[in-house]
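For reference, the chains in residue letters:
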Amino acid sequence: MDNNRVLIFDTTLRDGEQSPGCSMTTQEKLSMAHALEDLGVDVLEAGFAMASEGDFAAIATITQAIRGPRIASLARAKREDIDMAARSLEHAERARIHVFLASSDLHLEYKLKMSREQALAQAAESVRQARSLCDDVEFSPEDATRSDRDFLVEMVRVAIQAGATTINMPDTVGYTTPEEYGQLFSEVRQRIPEVDAQGIILSSHCHDDLGLAVANSLAAVQAGARQVECTINGVGERAGNAPLEEIVAALYVRADHYGVTTGIRREMLYPTSQTLGQLITFGPSPNKAIVGANAFAHESGIHQHGMLANPLCYEIMTPASVGAAATTLVLGKHSGRAALRNRLEQLGYTLSREELQQTYYRFVALADRKKNIYDQDLVGLLPQQIRDRRPMSYAEVD
């Protein structure tokens, strides 16, 4: 694998769907899978085969229709789970079984009632079983960031020896910080030489409970992770997963800093976000980075003036680069004369300096009373003699 390439592992259909309001039917999952294939994700985690008959059916359906990404099925470190995952992936052109087992003492004691020794033995046995059924096996020590570091390293070593080809170290509860998470990846690479010697891919999987999922994921990339697990719009358990679109955009805009690439078709980011929003019960918030309705909207007069002079003044990427609509200069009480003049000219009205000044006074007064200013409001602000000028039609403007 190219060490400058980061694989994008999308878990919208598995971890993302576990979020309240995100449940999808098999047909809806298939529609989303096609969108993710068009987006160019490297690995598509289609579900948790043992979770339900519906999940099994969705994975099996996706494997027969999707040929671009590698298709993954999640499995607990249990024989029946792994067998079910393998069955769900029978028709996949490229398959992956993703096995997980808790590594933190908290989970081992209270959730699994299992000793460390039992956990190591079960991890090894489960990975060996999965590897006997599939050439591509990913292993995740759940709650890795709250695990004893020596024990975590030992569990990772055992999984690699048993045949795991990808090791994911998840921040399952969104607890870690970028510095800590990056150090975790560096330490695993240092203490387990097989990682680099055998070309084992290290993966990040971050939740957003402290709002650090993207920052933590990027810290992992800097420390050598070459797979990032994420979801469209950041959907997922509790506060959600690391948003795919934010990670991809950060790696693109700051390529000078991170020095890596992805295979994602960035112009499909916004359309893919919209597809998910139509399939589940909610879309991204307006101020959501990259794909929110306001991501490329400007109301401040200072910003609008700068945008009209040169978009680079206030936009670090173009809307087109992520497939979004054109930049919007929103007219409101914070807008300035430059934006007002620009929109009036788009509507076909060219005003003198004095006419613009008088119209601007009326505009500000209206904007103080009205949240949304529409084109008909702007035209209504103009004196009759200006409106009597023959402006271009809206068809010409559009």
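Residues numbered from 1 in each chain as written. Predicted model: local features only at pLDDT ≥ 70, side-chain atom pairs only at ≥ 80, totals over all residues. Heavy atoms only, no water.

Enquirer: Explain the overall build of the protein chain residue by residue, including any values.
Expert: Each helix and strand counted, the protein chain has 18 helices and 10 strands in total. For the C-alpha atoms alone, the extent of the protein chain along its principal axes is close to 85 × 40 × 40 Å. Within the protein chain, buried positions represent 52% of all 398 residues. Contacts in the protein chain between residues far apart in sequence, at least 24 positions, make up 73% of those at least 6 positions apart. For the protein chain, the accessible surface area stands at approximately 17,900 Å², while carbon and sulfur atoms represent 49% of it. Computed over 39 positive and 53 negative side-chain charges, the separation of the two mean positions in the protein chain equals 5 Å. (Helix = DSSP H or I, 4+ residues; strand = E, 2+ residues; numbered from the N terminus. Buried < 20%, exposed > 50% of the residue type's maximum accessible area, 1.4 Å probe, protein only. Contact = heavy atoms within 4.5 Å. Areas by Shrake-Rupley, 256 points an atom, 1.4 Å probe, with all protein chains shown as cover. Lys, Arg positive; Asp, Glu negative; His and termini not counted. Charge placed at Lys NZ, Arg CZ, Asp CG, Glu CD.)

Enquirer: Residue-level account of the pattern of salt bridges, with values.
Expert: Any two side chains of opposite charge can pair, so long as their charged atoms come close to each other. A complete count under the given rule lists 26 salt bridges for this structure. Taking the shortest distance from any N to any O, the salt bridge between glutamate 187 and arginine 191 comes out at 2.8 Å. Note that glutamate 187 and arginine 191 are positioned in helix α7 (residues 178-191) at a spacing of 4 residues, about one turn of the helix. (Salt bridge = Lys/Arg side-chain N within 4 Å of Asp/Glu carboxyl O.)

Enquirer: Mind laying out the environment of phenylalanine 9, listing which residues take part and the relevant values?
Expert: Position of phenylalanine 9 relative to the elements: it lies in strand β1 (residues 7-10). Residues phenylalanine 9 and glutamate 117, 108 residues apart in the sequence, show an inter-C-alpha distance of 30 Å.

Enquirer: Help me get a handle on the nonpolar core, residues and values and all.
Expert: Within the largest apolar cluster, 92 residues are counted, with the highest numbers of intra-cluster contacts made by Ile97, Phe139, Ile167 and Leu244. Per-element accounting of this core gives the leading share, 9 residues, to helix α6 (residues 149-162). When sequence neighbours within four positions are dropped, the list of residues in contact with isoleucine 167 reads Phe139, Val156, Ala159, Ile160, Ile200, Ile201, Leu202 and Ser203. Counting residues in each nonpolar core, the second largest holds 18 residues, with Leu331, Leu347, Leu366 and Leu378 among its members. (Core = buried A, V, L, I, M, F, W, Y, C linked by side-chain atoms within 4.5 Å.)

Enquirer: Residues and numbers for the packing of aromatic side chains, please.
Expert: How two aromatic rings sit relative to each other is set out by the distance from centre to centre and by the angle between their planes. Counted by the stated rule, this structure contains 3 aromatic pairs. Taken together, a centroid distance of 6.2 Å and an interplanar angle of 35 degrees make the contact between tyrosine 360 and phenylalanine 363 tilted. In this pair, tyrosine 360 and phenylalanine 363 both sit in helix α15 (residues 353-369), 3 residues apart, roughly one turn of the helix. The two residues tyrosine 360 and phenylalanine 363 agree in class, both being buried. If you follow arginine 266 out to its NZ or CZ, it ends over the ring of tyrosine 252, 3.5 Å from the centre. (Phe/Tyr/Trp six-rings, centres within 6.5 Å; stacked < 30°, edge-to-face > 60°. Lys NZ or Arg CZ within 6 Å of the ring centre and 35° of its normal.)

Enquirer: Tell me what's going on with the packing of helix α2 (residues 53-65) against helix α3 (residues 79-88), and back it up with residues and numbers.
Expert: Viewed as axis vectors pointing N to C, α2 and α3 meet at an angle of 35 degrees, and their least axial separation amounts to 8 Å. Counting all contacts with α2, which are made through Phe56, Ile59, Ala60 and Thr63, the residues of α3 involved are Met84, Arg87 and Ser88. (Axes fitted to C-alpha atoms, helices over the stretch in contact; angles between N-to-C directions.)

Enquirer: Give a detailed account of the sheet that holds strand β6 (residues 166-171), specifying residues and quantitative values.
Expert: Taken in spatial order, the 8 strands line up as β1-β2-β3-β4-β5-β6-β7-β8 and close into a barrel, and their pairing is parallel. When the angles between neighbouring strand axes are averaged without regard to direction, this sheet yields 25 degrees. For strand β3 (residues 70-76) and strand β4 (residues 95-102), the ladder comprises 6 bridges, and the chain directions are parallel. Opposite alanine 75, over in β4, you have valine 99 as the bridge partner. In the packing of α3 onto the sheet, the strands contacted are β2 (43-48), β3 and β4, and the crossing angle to β3 comes to about 160 degrees. Across the sheet, α7 lies against β6 and β7 (201-206), angled at about 160 degrees from β7, the strand it touches most. (Pairing = 2+ DSSP bridges.)

Enquirer: Residue-level account of α3, with values.
Expert: One full turn of an α-helix is made of 3.6 residues, so residues set three or four places apart face in the same direction. Inspection of α3 places Asp81, Ile82, Ala85, Ala86 and Ser88 among the buried residues, and these make up the whole buried set. For α3, the angular spread of the buried residues around the axis is 165 degrees, confining them to a single face. Looking at the buried residues of α3, the elements they touch are β2, α2, β3, β4 and α5 (116-133). (Arc of directions from axis to C-beta.)

Enquirer: Can you tell me about the confidence of the model for the protein chain, naming the residues and giving the values?
Expert: Caution is warranted with low-pLDDT regions, since their predicted coordinates should not be read in detail. With 97% of its residues at a pLDDT of at least 70, the protein chain reaches an overall mean of 93. Counting interchain partners and residues more than four positions distant, the pLDDT-below-50 stretch residues 393-398 has 6 contacts. (pLDDT = per-residue confidence, 0-100.)

Enquirer: Any chance you could break down the packing of helix α9 (residues 213-222) against helix α10 (residues 244-253) for me, citing the residues and the numbers?
Expert: Helix-helix packing is described using two parameters, namely the angle between the two axes and the distance between the axes. Close contact between α9 and α10 brings their axes to 10 Å; oriented N to C, the two are set at 50 degrees. Taken together, α9 and α10 sit at an angle that is classed as oblique. Between α9 and α10 lies a crossing whose hand is right-handed. Along the contact surface, α9 presents Val214, Ser217, Leu218 and Val221, while α10 presents Glu246, Ile247, Ala250 and Leu251. A breakdown of the residues in the contact of α9 with α10 according to their chemical character gives 6 nonpolar, 1 polar and 1 charged. (Parallel < 35°, antiparallel > 145°, perpendicular 65-115°, else oblique. Left-handed = near helix turned anticlockwise from the far one by under 90°. Nonpolar A, V, L, I, M, F, W, Y, C, P; charged D, E, K, R; others polar.)

Enquirer: Can you explain the pairing of β6? Please cite residues and give values.
Expert: Counting buried residues in β6 gives 6 out of 6 residues, a clear majority hidden from the surface. Sheet topology places strand β5 (residues 137-142) next to β6; 2 bridges connect them, and they run parallel. Within the sheet, the bridge partner assigned to glutamate 138 lies in β6 and is threonine 166. Of the pairings in the sheet, the one linking β6 to β7 comprises 6 bridges and is parallel in character. Within β7, the position partnered with proline 170 by the bridge is histidine 205.

Enquirer: Lay out the pairing of strand β8 (residues 227-230) with the relevant residues and their values.
Expert: On β8, burial covers both faces: Gln227 and Glu229 on one face and Val228 and Cys230 on the other are all buried. In this fold, β7 hands off to α9, which returns the chain to β8; that crossover is right-handed. (Right-handed = clockwise from strand over helix to strand, strands pointing away.)

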